[in-house]
Amino acid sequence: MLARPDRAVIALDFDGTLADIVPDPEQARAHPGAVDALVALAPKVASIAVITGRPAGVAVRHGGFAGVAGLDHLVVLGHYGAERWDAVSGTVHAPAPHPGIASVRAELPGVLDRSGSWHGTWVEEKGRAIAVHTRRAADPQAAFEALGGPLGELAARHGLIVEPGRLVLELRPPGMDKGVALAQYVRETDAESVLYAGDDLGDLAAYAAVEKLRTDGADGIPGLLVCSGSAEVPELAERADLLLGGPGDVVAFLAALARRI
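Below or above, wherever it landed, is the structure these notes cover. Remember, it's a predicted structure, so these values are computed and weren't measured experimentally. (Residues numbered from 1 in each chain as written. Predicted model: local features only at pLDDT ≥ 70, side-chain atom pairs only at ≥ 80, totals over all residues. Heavy atoms only, no water.)

Glancing now at the overall build of the protein chain. A count of helices and strands for the protein chain gives 8 helices and 12 strands. In summary, the protein chain has a C-alpha radius of gyration of 18 Å against a globular reference of 18 Å for 261 residues, a match within 12%. Viewed in the frame of its principal axes, the protein chain has a C-alpha envelope of about 55 × 40 × 35 Å. Buried positions account for 50% of the 261 residues belonging to the protein chain. A sequence separation of at least 24 residues applies to 65% of the contacts in the protein chain between residues at least 6 apart. If the 23 positive side-chain charges of the protein chain are averaged to one point and the 34 negative ones to another, these points end up 3 Å apart. (Helix = DSSP H or I, 4+ residues; strand = E, 2+ residues; numbered from the N terminus. Rg over C-alpha atoms; globule rule 2.2 N^0.38 Å. Buried < 20%, exposed > 50% of the residue type's maximum accessible area, 1.4 Å probe, protein only. Contact = heavy atoms within 4.5 Å. Lys, Arg positive; Asp, Glu negative; His and termini not counted. Charge placed at Lys NZ, Arg CZ, Asp CG, Glu CD.)

Spelled out as structure tokens, the structure:
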């Protein structure tokens, strides 16, 4: 990566990696200094890709990425890669919503009520997905575990899957994840090295993609796996090459990488 930075892709999760985890996801914002670090790094690498479960436009807004000079090499792959925003055009490209989302939206209140988990849970509308957060519940982990089965059944009835995260269960269409999105983007950019930083269970697919890229035939490419925080998701920390304390440390690392290059 340091030898040929112009052929490197830097891929980053948003929540928990570039932005601190907060009780209300709508209040999440990129960590102070994140945009400056990306501006310093972006011109020196092939591309920076923010890969998130959020809608691309929301991540752009919460990240403060739009209209920033120096971020021409930035793309945001939202909804696990189903949506794409690039800084050059400033537009979002996305397919039509999955029809199962509307059905899940209509049935979800009843499922939460019957499970006894309505109190303390918070439903986040994500357009092409719906997320149920349990961080505000009296016992967040117990609520998270209790909802796994009912939400899994609800999703399956309507052709969706459940993506578990840090005290959140997201109902979304199948066929796309952060690993698929990352692998496709690395191929598209013809990158010779890749770094991926994440913090949550949804990032395991991206980790697996990097691990596969490392060993794919005789032409495997170098990859660095970075974990932002490790207390809530030890599965990620166990596979990471570099452990960082959270978004503040990720931002400092990116700024240091820009200076080193």
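Bringing the nonpolar core into the picture now. Of all hydrophobic cores here, the largest spans 33 residues; its most connected members are I10, L12, L18, I48, F65 and L254. When contributions to this core are tallied by element, the ones reaching two or more residues are β1 (8–12), α1 (34–41), β2 (47–51), α2 (56–63), β3 (74–78), β10 (193–198) and α8 (247–260). With 6 residues, the top contributor of residues to this core is α8. A49, M176, V186 and V210 belong to the second largest nonpolar core, which has 26 residues in total. (Core = buried A, V, L, I, M, F, W, Y, C linked by side-chain atoms within 4.5 Å.)

Another aspect to go through is the sheet that holds strand β8 (residues 161–164). Taking strand neighbours across the sheet as the criterion, the 4 strands line up as β6-β7-β9-β8 in an open arrangement whose pairing is antiparallel. Two strands in the sheet have a free side with no partner beyond their single neighbour: β6 (122–125) and β8. If you compare each strand with its neighbour and ignore which way they point, the axes differ by 25° on average. Pairing geometry for β6 and strand β7 (residues 130–133), over 4 bridges, is antiparallel. Within β7, the position partnered with V123 by the bridge is V132. Of the strands in this sheet, β6, β7 and β9 (168–172) are in contact with helix α3 (residues 100–115), which crosses β7 at around 20°. Most of the contacts of helix α4 (residues 140–157) go to β9, to which it runs at about 5°, and overall it touches β7, β8 and β9. (Pairing = 2+ DSSP bridges. Axes fitted to C-alpha atoms, helices over the stretch in contact; angles between N-to-C directions.)

Within the secondary structure, G152 sits in helix α4. Residues G152 and L77, 75 residues apart in the sequence, show an inter-C-alpha distance of 25 Å. Not counting chain neighbours up to four residues away, the residues in contact with G152 comprise L147 and V162.

Next up on the list: the packing of α1 against α8. α8 packs onto α1 with a crossing angle of 25° between their chain directions and a minimal axis gap of 8 Å. Taken together, α1 and α8 sit at an angle that is classed as roughly parallel. Taken as a pair, α1 and α8 cross one another with a handedness that is left-handed. The segment α1 lies against α8, with A34, A37, L38, A40 and L41 engaging V251, L254, A255, L257 and A258. (Parallel < 35°, antiparallel > 145°, perpendicular 65-115°, else oblique. Left-handed = near helix turned anticlockwise from the far one by under 90°.)

Residue placement: T134 occurs in the loop between β7 and α4. Residues in contact with T134, not counting those within four places in the same chain, are T121, P140, A143, F144, L147 and L167.

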